[in-house]
Amino acid sequence: MLAPSILLLGVFVYGFIAINFNTSFTDNHTSAQAAGGKPVSWVGFRNYLDLFADPDFQHSLRNLVVFTVVFLVGTMVIGFLWAWLLERPTKGEGVFRSIYLFPMAVSFIASGVVWRWLLNSNQGEHASGLNRLFQMVGLDFLQNPWWNNISWGVAAIALPAVWQLSGYVMALFLAGFRGVPDELREAGRMDGASEWQVYRHVVFPQLTPVALSALIIIGHMSLKSFDLIMAISKASNYQTKVPAVDMYIFKSNYDFANAAAVGGILLVIVAILVVPYLIYTSKEEGAR
Amino acid sequence: MRRISAVAALAAAGLVLTACGGGSDDGDNADAGGDNSASKVEVFTWWAAGSELTGLQALEAVFAEQHPDTEFINGAVAGGAGSAAKDLLQTRLQAGDPPDTFQAHAGMELQDYIDAGQLEDVSGLYDEFGLNEVFPQDLLDLLTVDGKIYSVPSNIHRSNVVWANPEVLEAAGVDPAAVPEDIDAWIADLQKVADSGATALSVAAPWTQVNLLETVLMADLGAEGYNGLWNGSTDWASAEVTGALEHFETLIGFTNTDRDGLDWPDATQKVIDGVAGYNVMGDWAVALFEENDIERGTGFVDFPVPGSDEQFGFLADSFTLPVGAKHAEGAKAWLETIGSLEGQVAFNKAKGSIPARTDADPSEFSEYQQTAIESYANDTIVPSLAHGAAAPVAVLNGVTDAVSKFTAGGSDLATFQSELGAAVNG
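Just so it is clear, the model here is predicted, and its values are computed rather than measured. (Residues numbered from 1 in each chain as written. Chains lettered and ligands numbered in written order. Predicted model: local features only at pLDDT ≥ 70, side-chain atom pairs only at ≥ 80, totals over all residues. Heavy atoms only, no water.)

Enquirer: Sorry, what's going on with the interface of chain B and chain A here?
Expert: One frequently used descriptor of interface size is the decrease in accessible area upon assembly of the parts. With 37 residues of chain B at the contact, the number on the chain A side is 34 residues. Regarding the contact of chain B and chain A, the summed buried area is about 2,900 Å², with carbon and sulfur atoms giving 51% of it. Here chain B and chain A share three salt bridges between them. Here Lys251(A) makes a salt bridge to Asp87(B), at a shortest N to O gap of 2.9 Å. At the surface where chain B touches chain A, the tally comes to 16 residue pairs in polar contact (both at pLDDT 80 or more). Listed by contribution, the elements that provide at least two residues to the side of chain B that touches chain A are helix H1 (2-21), helix H3 (83-94), helix H4 (111-115) and helix H17 (393-407) of chain B. Its residues assigned to classes, the side of chain B that touches chain A shows 14 nonpolar, 14 polar and nine charged. (Contact = heavy atoms within 4.5 Å. Buried area = accessible area lost by both parts, 1.4 Å probe. Salt bridge = Lys/Arg side-chain N within 4 Å of Asp/Glu carboxyl O. Polar contact = N/O pair within 3.5 Å; in protein donor to acceptor, adjacent residues only side chain to side chain. Helix = DSSP H or I, 4+ residues; strand = E, 2+ residues; numbered from the N terminus. Nonpolar A, V, L, I, M, F, W, Y, C, P; charged D, E, K, R; others polar.)

Right under this line is the structure:
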C-alpha cells in the first residue's frame, strides 16, 4: 500500500519539478509560446546566466540574504532567550508560553496588513505608526524610513517575521531543555560545576540538534518568503524585491521560462540548506 | 502500520481528485461542457466593490431587460486592483476553461491574449450592432489590431487629471482658479504649497507614479511626440525625453515619503483631508470626492495636467469573446448590451466614467462627466500607459520596475532613461 503514495509523490512532486526545470531551459518568454501558438526551443542554461548577470536580479538575491540573516538571527536569539527564561520553574509559565507562541497563530497576510501601517515611512510632522510612537515617547532619533530604504529596507520586513516565529523557536528550545535528563545536571553539580558551567558544558551541547532543526525550519521559510512581503510592500516596489516576487512578475508577463528559472534557483538554494541536514540526521539514525 | 499507509494513500488520492475536479464545474452542472447557447453568460470582471460594483449591477439590470432569457452569472474576482482576477484569468485561459466573456483594458493590454490566440475577432459584431457609427474614429483606431477588433469598450476614463484642494492652495498663496500653463509654471505653484508646510503633490504605489510619468510625457512631448514613444518614432534617448524626466524627478521631490506603501485612494484622500495640495489620478478619483460629499469648485478643483490640456489620456474597460467560450451566444448578447446606448448610459452614470458612444445625452451626467464628454469629443485621444492602452503587459511591468527603482533612489536619471528605453524597445 506504500506504492501508490510513492507513485503519486513521484508524479506530483518530482515530475513537476522536472517539468519546471525543463521549462526553465527553454525560450518560452511570450504568451503565444505559452499557449502553444509558437514554437519553443531549448536554450540550455541561458536564462540562468542572463538572470545572474542582471543587476536587478542580483539586487533581489541580496535582499533575500539580508532578509534571511535578520530573520534567522532574530528568531534564534529571541526564541532561545525566552526558552532559557522559561526553562527554570516560573510561576504562570503556561501563560507566558501562550503569549510568546500566540503570534504564530496569525497568518502572514493578516499581520502584514497591520505591520504595513506600523512601518509607515513618513517622519516628522506626517509620521504615523511606529515613527509616531517614537515621537510620542521622545525617542525621535529612532525614526527611520523602514522598508523604504533601498539597501537595508527589506530587513524591516523581517521584523514582523521575527515577531511571528520567535515563539515557535522558543517552543522548540523549551522541548530541548526539557529533554535534558535531570540526572545529568545533578551529576554536573556533584562534580562541583557552577550553575553557569552546568548550562555551558551539560545543557547547551545537547541542544545542538534542536538548534539545527530550528535553523532549517526558519531558514527555508525565509527563502520562500512571499506573502509577508506582498502584504506589506507591493510586487512592483524595487526596494523589497526578492526572487519569489520576481518569479510572480515573470509569470504575470507570460515569461514562463524565466519564472521557472527563478523557481529552479530557489529550489537549489533551499536544497543547499536542507540536504546537509538530511544527511546529518540519516547518519545519526544510522549510528543508533 | 499497514492501515496507516492505506489511509495516507487514500488521502493523497483524494487530494489529487479534488485538484482535478476544481475549476471544471463552476456552477453549470445542468449543461456541463456548454452548448454555445444563450442560456447563460459568465461575466468575469474585477468589479467587486464601490462604484464599480454599482456600475456592474446597473449593467446587469439593463441586460435582464434586453435579454431576459439569458441568465447572468457574476464571475467577479476581488482584490489587488484587478491583479488577482488577471492571475486567475491567465490560469483559466491556459487550461482551456475561459469564462464566456471577460473584462480587460482596451488597447495593447489585449496583445498577449491575441498573440496567444485566445480571443475571437468581434469586428463582425461591430457591424451587426452598428457600433462603427457611434464610436469615434480615434477610438476605433486604438482598438484595431491588424484590421481586427477584439473587444467592446463599456466606458472611457481619462488618466491625465490633476485634483487639488482649493483651501490648501489659497493658504499657500496660489489662486485655485488659475490653471498653470505648463509643467514649469505648475512647479512654481508646487513650490509655494511645499513652502506652506503641506505635502505639495501626493502619489501612491509605483503604478500611480507611472500614471504621473505618462502625464508629464504627454505635457512635455505633445500628442504626436507622446504617441511616438509607443510606435517608435520618438527616441527614448532624446533630449526632449530627458527634459520630461527631469520634470518628473522634480515632481517626485514634492511628494509624500510614504508613497510606496499607499494605494491611489490613500493618495487622493490626502487632498480631500487637506494634507496635500495636488494629486494626479485618473478621473475615477471623482467618485472618491463625491463619496465624501465634496462639491466640485468649492471643495475640490480639477484640471488636465498642465501642458496636456489638448490631450485626452485614454483608457477603457472592455469586454471580449474568448476562443472556446462555453456560451458564445450568451457572450454576444452581453456584448450587445455593453455596446448599447441604454447599457452605456446606465453603467457610466453609476461608475462615474463616460460612454464610449458619442450619441449619449450629456445632460444625463454629472458636471465633471460633462466636461470629460466634451474633451473626449474635441481633444486628441492618446493612449494611457499605466492602464494598458499604450503597451503590452510586459512593457508596462518593465517601465513600472524602472520607475520604482528610480523613485526609491536605486538609479540616476541617465540610468532611468536607458532602462525605460530598454523596457519599451525590448
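After presenting the structure, the write-up continues.
Enquirer: I keep staring at the pattern of salt bridges and nothing clicks. Help me out?
Expert: Proximity of charged atoms lets side chains of opposite charge pair with each other. Residue and element names in this part refer to chain B. Here the structure, examined in full by the defined rule, presents 21 salt bridges over all chains. Linking Lys405 and Glu419 is a salt bridge whose minimum nitrogen-to-oxygen distance equals 3.0 Å. Taken together, the positions of Lys405 in helix H17 and Glu419 in helix H18 (residues 413-425) put the pair 14 residues apart, joining distant regions of the chain. Residue Lys405 shares its accessibility class with Glu419, and that shared class is buried. Each of Glu42, Arg92, Asp97 and Lys326 takes part in one network of salt bridges that share partners. (Buried < 20%, exposed > 50% of the residue type's maximum accessible area, 1.4 Å probe, protein only.)

Enquirer: For this particular structure, what's the right way to read the sheet that holds strand E14 (residues 380-383) of chain B?
Expert: Remark on secondary structure: sheet strands pair via backbone hydrogen bonds, oriented parallel or antiparallel. Residue and element names in this part refer to chain B. Strand order in the open sheet formed by three strands is E7-E12-E14, and the pairing between neighbours is mixed. Each of the sheet's edge strands pairs with one partner strand only, and the pair in question is strand E7 (157-158) and E14. Sitting on the sheet, helix H10 (residues 206-231) is in contact with strand E12 (311-315) and E14, with an inclination near 60 degrees to E14. Running at roughly 105 degrees to E12, helix H16 (residues 367-378) makes contact with E7, E12 and E14 of the sheet. (Pairing = 2+ DSSP bridges. Axes fitted to C-alpha atoms, helices over the stretch in contact; angles between N-to-C directions.)

Enquirer: Which parts of the structure should I look at to understand the pairing of strand E1 (residues 40-44) of chain B?
Expert: Residues and elements named next belong to chain B. Counting buried residues in E1 gives five out of five residues, a clear majority hidden from the surface. Bridge count between E1 and strand E2 (residues 71-74): four bridges; the pairing is parallel. Across the sheet, Val43 pairs through a bridge with Asn74, a residue of E2. With helix H2 (residues 50-66) bridging E1 and its parallel neighbour E2, the resulting β-α-β unit is right-handed. In the sheet, E1 pairs with strand E3 (residues 101-105) via two bridges, with the strands oriented parallel. Following the sheet pairing, Phe44 is matched in E3 by Phe102. (Right-handed = clockwise from strand over helix to strand, strands pointing away.)

Enquirer: Hey, could you run me through a nonpolar patch on the surface in this one?
Expert: On the surface, Val65(A), Val69(A), Val73(A), Val77(A), Ile78(A) and Leu81(A) cluster together into a nonpolar patch covering about 480 Å² of accessible area. Along the polypeptide, Leu81(A) turns up in helix H4 (residues 55-87). (Patch = residues over 30% accessible without salt bridge, like charges linked within 9 Å, V, L, I, M, F, W, Y side chains within 5 Å. Areas by Shrake-Rupley, 256 points an atom, 1.4 Å probe, with all protein chains shown as cover.)

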